[in-house]
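Observations on chain architecture
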Protein chains: 4
Amino acid sequence: MVGIGLIGTGFMGKCHALAYRAVSAVFADVAPPRLAVLCDTPADEAEAFARQFGFARATADWRDLVADPAVDLVAITTPNKLHREIALAAFAAGKHVYCEKPLGLTLAEAEEMATAAAAAGVVTQVGYNYLKNPAFLHAERLVSEGAIGRVLQFRGVVDEDYMADPALPWSWRCRAQEAGLGALGDMGCHLVSLAQALCGPIRSLCADMQTAYATRPMPDGAGEGPVENEDIATALVRFESGVSGMLTTSRVAWGRKGRLAFEIHGSAGMIAFDQERMNELRLFQAEPDRARHGSRTILSGPAHEPYGAFCPAPGHGLGFNDQKTIEVAGLLRAIAGEGRASPDFAQALSIERVIHAIADSARAGGSRVRLPG
Amino acid sequence: MVGIGLIGTGFMGKCHALAYRAVSAVFADVAPPRLAVLCDTPADEAEAFARQFGFARATADWRDLVADPAVDLVAITTPNKLHREIALAAFAAGKHVYCEKPLGLTLAEAEEMATAAAAAGVVTQVGYNYLKNPAFLHAERLVSEGAIGRVLQFRGVVDEDYMADPALPWSWRCRAQEAGLGALGDMGCHLVSLAQALCGPIRSLCADMQTAYATRPMPDGAGEGPVENEDIATALVRFESGVSGMLTTSRVAWGRKGRLAFEIHGSAGMIAFDQERMNELRLFQAEPDRARHGSRTILSGPAHEPYGAFCPAPGHGLGFNDQKTIEVAGLLRAIAGEGRASPDFAQALSIERVIHAIADSARAGGSRVRLPG
Amino acid sequence: MVGIGLIGTGFMGKCHALAYRAVSAVFADVAPPRLAVLCDTPADEAEAFARQFGFARATADWRDLVADPAVDLVAITTPNKLHREIALAAFAAGKHVYCEKPLGLTLAEAEEMATAAAAAGVVTQVGYNYLKNPAFLHAERLVSEGAIGRVLQFRGVVDEDYMADPALPWSWRCRAQEAGLGALGDMGCHLVSLAQALCGPIRSLCADMQTAYATRPMPDGAGEGPVENEDIATALVRFESGVSGMLTTSRVAWGRKGRLAFEIHGSAGMIAFDQERMNELRLFQAEPDRARHGSRTILSGPAHEPYGAFCPAPGHGLGFNDQKTIEVAGLLRAIAGEGRASPDFAQALSIERVIHAIADSARAGGSRVRLPG
Amino acid sequence: MVGIGLIGTGFMGKCHALAYRAVSAVFADVAPPRLAVLCDTPADEAEAFARQFGFARATADWRDLVADPAVDLVAITTPNKLHREIALAAFAAGKHVYCEKPLGLTLAEAEEMATAAAAAGVVTQVGYNYLKNPAFLHAERLVSEGAIGRVLQFRGVVDEDYMADPALPWSWRCRAQEAGLGALGDMGCHLVSLAQALCGPIRSLCADMQTAYATRPMPDGAGEGPVENEDIATALVRFESGVSGMLTTSRVAWGRKGRLAFEIHGSAGMIAFDQERMNELRLFQAEPDRARHGSRTILSGPAHEPYGAFCPAPGHGLGFNDQKTIEVAGLLRAIAGEGRASPDFAQALSIERVIHAIADSARAGGSRVRLPG
């Protein structure tokens, strides 16, 4: 049994905890992990969460967690600025590492982490959970089977409105040194993960970027604080395959709550998807009879693995958290020597290179930036 | 800690198991239940499922489970024909009972079970899980707050296509003695549960019913077997409030995978919902400026309790199984003396009276059937 | 050239005028009609509309119009209470008659009109214009080709909110003697026209009916006036084919502006349609690969005749008025001896019998009413 | 009465003819135009179309039409390569000119035409008909009233699949000298017209462009012919206001039949639109109660001028051709001295500058191109 050390109890921390508890009941082939240590601060809150989530013990010191022999896998769901230090310590201790995205605040950090992962030789996983949605997995399958022919164009968008209110006070999210990138780091990297899964690696791009609200009111009422990262970013990309693409993200998109949408055009059809309707995939396939031309809306079901592990009835719907359970299953299988965790640190680096290239191009007025091949 | 005895490991059995594992991690106020005994046949499968779901022991004999002092709550997810006998035994043993819908094969069975529940004085819960969807709970709140004014009409539909294929072989589902009602029992009662939650009790109705495929091929190839229950049913109803309604259900509705949809019209607005998009609620509210008239699509989020216990970000989506976790939370709270489990056996009986009245009216050529007040 | 005498210049009067002007330009095979006489009151408004719509002369007396030898076709778009008298006069004068629906205020009127039409031996047409939508015509074609197999159930709804506001003053629409039926006469008959076109004649039904607002404020402020006809009606129907159906209509359905929607379930598929998206048809066809199961959204185009007469590009969209142009084309062809106008008075009677049967059943508490075979 | 000389009888020619016939009947304030001369080749087809469309005479020589004193307005719906020569001749003859988009094959042509228009001092109109959709006009009104606050980002797409089939034979559309630009000229300019109407002039951009099928089979079977213009184009734009935008177009987008969609994000809300559902506008407006957050779908109606001139009932739907009738009304009013035709040649030039700048940037590898201020 794999001993889990979970650091963080926020949005992703709770999501991890639920997945660890569910995974072996959902998937008969996955041995149940052991919930060993939970870390957060302050200590009493860590204790409370350990009880709620079912962890054997709590600590307020992540180094304590990393050092605990009961911990085989270090799961990092802290604010981004701590990812690098914890991951490097975990590698040094020979632990497997499961890190939420993005890997690091900067590309340099991400590179350092990927290098350390390779050197450590452990199993790594980065939390690009939307890749595990059965509807998305089906899209991947359709594309690779040629259901839409040769891919011609990819267009994607990832939008939320968590910073759309101009009256929202300044926070650490506005600060480059603490948050790193803005919308690109929070959401844009998810879109890149889907794009590259469907179309292969991105090789060059031109981009634009904007801060919609240059300042925000300080929470203490003391004037305005500067917003140092982007609210909106957009890029024209070229994949290695020659396919062209368009990506855009906004954290100030009123009305969008969890939109992560794409369409992919091919020589024989088209696929469209929107995570706000995560159990639906739209598929158009060209046929000679134009009277029947139409995009079909496919509802996820047992025909779209691994949906059936959750529910034997189609169209009943998985939720956001179920994606994490699928991700955890893959990770635990990889630790048990079956298959490979994906995306691992190396793959995550290739995703995050793109968002940093977008920022670089935008800062340079849109000039073309090339990515390593 | 409440000791759970779970009988059945199919669709609903697994759904229960996942909910018991998740509930205390999702809801900080709910003490974790103890997974005591799992029952199914044959014994080796019960053993395997007990391991997978995390139960302390397995048995192939439900009487053994009911009798086990470690079991405080008997959860019944067996085929419908066993509900009555197990429930009565559990009541006799003084156990709390959590039964999947419908209560019984016949109205007489359901009445007997509800009477026994009342006499036993234990906590009961029936698995009308769609009532727990935060989007539906929000619809209830909107209606009771008067967001759509005085209710004028309710229209609902519940459709799936699990028996839409005429080539699907005959099975026990086609037999009245084993399955009870057809579409009404499988799905129609869910629709009634939503209708009565929004509009109050149904007091009279006229109905029609059809068996689309009178026979089905026997699985062994030996000719055709008769289908003894309805594939389709429809009813015109009147609620106690005077509001009129229309209900329809089909298990032969090609293309519908988990449709449980309604619209409710009021003097000041309208609400529409479809479980196939379980995280969306459509709301129209009349306003003087007709240029802005439009139904809004509300995505579930933390503003719609208890969504936030699963995920702090709106629009990310709950799944079918999450509804069960909410149901289990309510049940465990009721056992702990906080609040009331709902629907309990008495409330479930009032739901199931309606589906039997529909069948009665249809058999009588559509004549009006009145329900007890 | 067919000389048109148009009576009425309101909603439908203008719609007629536009269709007469467009029809021969849209359809190369249709000779242009001659816009002979326009009738409305008062005379000066009739004059103004004659100029606007391009009619040769105006009159305030419909008998003058009927008598004019320049008029070959009498088009009746007046309030319903005048339909009968004008139609009978036009038949007496040997004119072709084009009447907006419903034929008469009462079933007796409609029967008298249909009898007179048969005796007159002229061409008649009743304005069930939604039957002419290319998307609907395609649905008819799909059903008759067997694209969804044997038909199992029809469900339809027609809703608007033109009387949804409880503060809307009392008007002639609330008075049975002037308006005849309420929602059933205004809209319900349209739904019946679609249902019977797809599934054949309705042979029996049970129904319910309601007046949501029993009184409305008198326009002069002098208290409240009684609403004598239904706001809402619903029926369970059986078609001659044995297929079951459900129909409902409401004129108090907030948020619905032109909803005329149906779904038709078959043994091999399903079709769904909503006139609010009049250029879309949803089609599900069962196939063995459940991973590709999905309803496709077909956009009207030249593959759906006669869309191409309006526009050679698919998906560009026809409008409400274009349906009338198609209807007029059929009528003019029939007058020219090519094909048959449909629905004529006899067919319209069979439609309107159904709405009166619905009202009869509802008044009798939902008891089954049979229609002549 | 304005005498119309219409050149061309194809897609747009017929659309013009229908609009000329409808306009004065739809709009009481517009005097009916006189259908003077119709031009097409060969002469007998021109004759047939003149009869069908109701023109007084036909000619096969556009110079004859331009010279005819009965012609006040020259309407050009020919292939693009003839626009320039005809327009210049019409200006020379002192005629008003109504030209379909794009103005010219090249930017130089468009500039020459706009210069000539200014010198001629006549009324001009270019057929950017989507600007006249009441739903779009309402979007403009909402934006200018501040319904979505300060505009932050514009995203638009215009897609069709008329060249999506790789087996579609080579035609003049593939040849730069005859067709000019590809998707940008056919469709992209429409998107730019909407973008600039909502957000003001575009001032700089970076773009990418692709030919999905480098060659196409020659119609005579003699090998493959080269495709000389773009199938796909995408641009990042900056408006003069500082707002950023993203535009993309494809003529090889399987499943898209008439998609012209945008979303515009503001500091207080969002508007989304798709011409494939041309009677719907989606509007999100931020409000404090997050439980009611949702995009509303507004159906066009009389509250959205000039919808009511076509139909007094909301939600009944206008069609593609109705947009042209609105455009013609504006043009005829301008000729009558009331208001200004828009977009005229000068405004159309500002639209078309953008599509040529997109092509220029793409040819230069995505480098930023600036547009004159």
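In what follows, the structure referred to is the one given above.
Starting from 1, residues in each chain are numbered consecutively following that chain's sequence as written. Labels are handed out in written order, letters beginning with A for the chains and numbers beginning with 1 for the ligands. This being a predicted model, a pLDDT of at least 70 is required before a residue's local features are given, and a value of 80 or more before pairs of side-chain atoms are given or counted; all residues contribute to the totals for chains, interfaces and linings. With hydrogens and water excluded, all non-hydrogen atoms of the structure serve as input to the side-chain values.

With that out of the way, let us pick up the packing of helix α1 (residues 11-26) of chain B against helix α10 (residues 320-335) of chain B. All names here are of chain B. Running from N to C, α1 and α10 point in directions that differ by 65 degrees, and their axes come no closer than 8 Å. When the axes of α1 and α10 are compared, the crossing they make is right-handed. Along the contact surface, α1 presents Phe-11, Met-12, Cys-15, His-16, Leu-18, Ala-19, Tyr-20, Ala-22, Val-23 and Val-26, while α10 presents Phe-320, Asn-321, Lys-324, Thr-325, Val-328, Ala-329 and Leu-332. A class-by-class count of the residues in the contact of α1 with α10 yields 13 nonpolar, 3 polar and 1 charged. Under this scheme, a helix contributes an axis fitted over its contacting stretch, all axes are lines through C-alpha atoms, and angles between N-to-C directions fall in the 0 to 180 degree range. What counts as a helix is a DSSP run of H or I of at least four residues, what counts as a strand is a run of E of at least two, and both are numbered from the N terminus. Take the far helix as the reference: if the near one is turned anticlockwise from it by less than a right angle, the crossing is left-handed, and if turned clockwise, right-handed. Should any heavy atoms of two residues lie within 4.5 Å, those residues are considered in contact. Residue polarity is assigned by list, with Asp, Glu, Lys and Arg as charged and Ala, Val, Leu, Ile, Met, Phe, Trp, Tyr, Cys and Pro as nonpolar; anything else, Gly included, falls into the polar class.

Residues and elements named next belong to chain C. Here Thr-9 lies in the loop between β1 (3-7) and α1 (11-26). Between N or O atoms, a polar contact is any pair within 3.5 Å; within protein, one atom must be a potential hydrogen donor and the other a potential acceptor, and residues adjacent in sequence are included only when both atoms are from side chains. A polar atom in the side chain of Thr-9 sits 2.3 Å from the side chain of Asp-40. The contacts of Thr-9, once residues within four sequence positions are left out, are Lys-14, Leu-38, Asp-40, Phe-49, Phe-53 and Thr-77.

Moving on, we come to the pattern of salt bridges. Should a side-chain nitrogen of Lys or Arg be within 4 Å of a carboxyl oxygen of Asp or Glu, the pair is scored as a salt bridge. Counted under the stated rule, the structure contains 104 salt bridges over all chains. Between Arg155(C) and Asp159(B) there is a salt bridge, with the nearest N and O atoms lying 2.5 Å from each other. Here Asp159(B) lies in strand β7 (residues 151-159) and Arg155(C) lies in strand β7 (residues 151-159), a pairing that spans two chains. Residue Arg155(C) shares its accessibility class with Asp159(B), and that shared class is buried. Relative accessibility under 20% of the residue-type maximum defines a buried residue, over 50% an exposed one, and the middle range a partly exposed one, all with a 1.4 Å probe and only protein chains included.

Further remarks concern the interface of chain D and chain C. Every contact between the two is made by 34 residues of chain D and, on the other side, 34 residues of chain C. When two parts are put together, the accessible area they lose, computed with a 1.4 Å probe and summed over both, is reported as buried area. Of the roughly 3,000 Å² buried at the junction of chain D and chain C (both faces included), carbon and sulfur atoms supply 53%. Among the residues chain D hides against chain C, the three largest losses belong to Arg21(D), Ala25(D) and His316(D). Together they make up 20% of the total. Linking chain D with chain C are 2 salt bridges. Linking Arg277(C) and Glu280(D) is a salt bridge whose minimum nitrogen-to-oxygen distance equals 2.6 Å. Summed over the shared surface of chain D and chain C, the result is 15 residue pairs in polar contact (both at pLDDT 80 or more). Taken together, the elements giving at least two residues each to the side of chain D that touches chain C come down to α1 (11-26), α2 (43-53) and α9 (320-335) of chain D. Sorting elements by how many residues they give to the side of chain D that touches chain C places α1(D) first, with 8 residues. Here the side of chain D that touches chain C is built from residues that sort into 19 nonpolar, 8 polar and 7 charged.

Take helix α6 (residues 134-145) of chain A next. Residues and elements named next belong to chain A. The span you would expect from a helix comes to 1.5 Å times its residue count less one. Its 12 residues give α6 an end-to-end C-alpha distance of 16 Å, which sits within 8% of 16 Å, the value for a rise of 1.5 Å per residue. Of all the positions in α6, only Pro-134, Ala-135, Phe-136, His-138, Ala-139, Leu-142 and Val-143 are classed as buried. Sitting at the amino-terminal end of α6 is Asn-133, which places a side-chain oxygen 2.9 Å from the backbone nitrogen of Ala-135. After α6 finishes, the residue Gly-146 shows a positive phi value of roughly 85 degrees.

This next bit is on the interface of chain D and chain A. At the interface, 51 residues of chain D touch 51 residues of chain A. Together, the buried faces of chain D and chain A total about 3,600 Å²; carbon and sulfur atoms form 48% of this surface. Here chain D and chain A share 6 salt bridges between them. For the salt bridge of Arg256(D) with Glu263(A), the shortest nitrogen-to-oxygen distance reads 2.8 Å. Remark: the boundary between chain D and chain A carries 26 residue pairs in polar contact (both at pLDDT 80 or more). Among the elements of the structure, β7 (151-159), β8 (202-210), β11 (232-239), β12 (244-250), β13 (259-266) and β14 (269-274) of chain D are those that each provide at least two residues to the side of chain D that touches chain A. If you tally residues by element for the side of chain D that touches chain A, the top one is β11(D), at 6 residues.

Residues and elements named next belong to chain B. DSSP bridges decide pairing: two strands pair if at least two such bridges lie between them. Taken together, the 6 strands give an open sheet; going across it, the order is β3-β2-β1-β4-β5-β6, and neighbouring strands pair in parallel fashion. Taken across any chain shown, the strands that pair with only one partner, and hence form the sheet edges, are β3 (57-59) and β6 (124-126). Between one strand axis and the next, the sheet turns by 20 degrees as a mean value, whatever way the strands run. Bridge count between strand β2 (residues 34-39) and β3: 3 bridges; the pairing is parallel. Pairing of Leu-38 across the sheet is with Ala-58, part of β3. Against the sheet, α1 contacts β1 (3-7), β2, β4 (73-76) and β5 (96-99), and its axis sits at roughly 165 degrees relative to β1. Relative to β4, helix α4 (residues 83-92) is tilted by about 180 degrees, and along the sheet it contacts β1, β4, β5 and β6.

Okay, the relation of the copies chain D and chain C next. Superposing copies: least-squares fit, C-alpha atoms only, residues required to have pLDDT of at least 70 in both. Of the transformation placing chain D onto chain C, the axial shift is 0.0 Å and the rotation is 180 degrees, giving an RMSD of 0.0 Å. Both chain copies can therefore be described as sitting about a two-fold axis. Looking at the rotation axis and the C-alpha trace of chain D, the residue lying nearest is Gly319(D), at 1.9 Å. The share of interface residues of chain D whose copies in chain C are also at the interface is 100%, consistent with both copies meeting through the same surface.

By themselves these figures say nothing about function.
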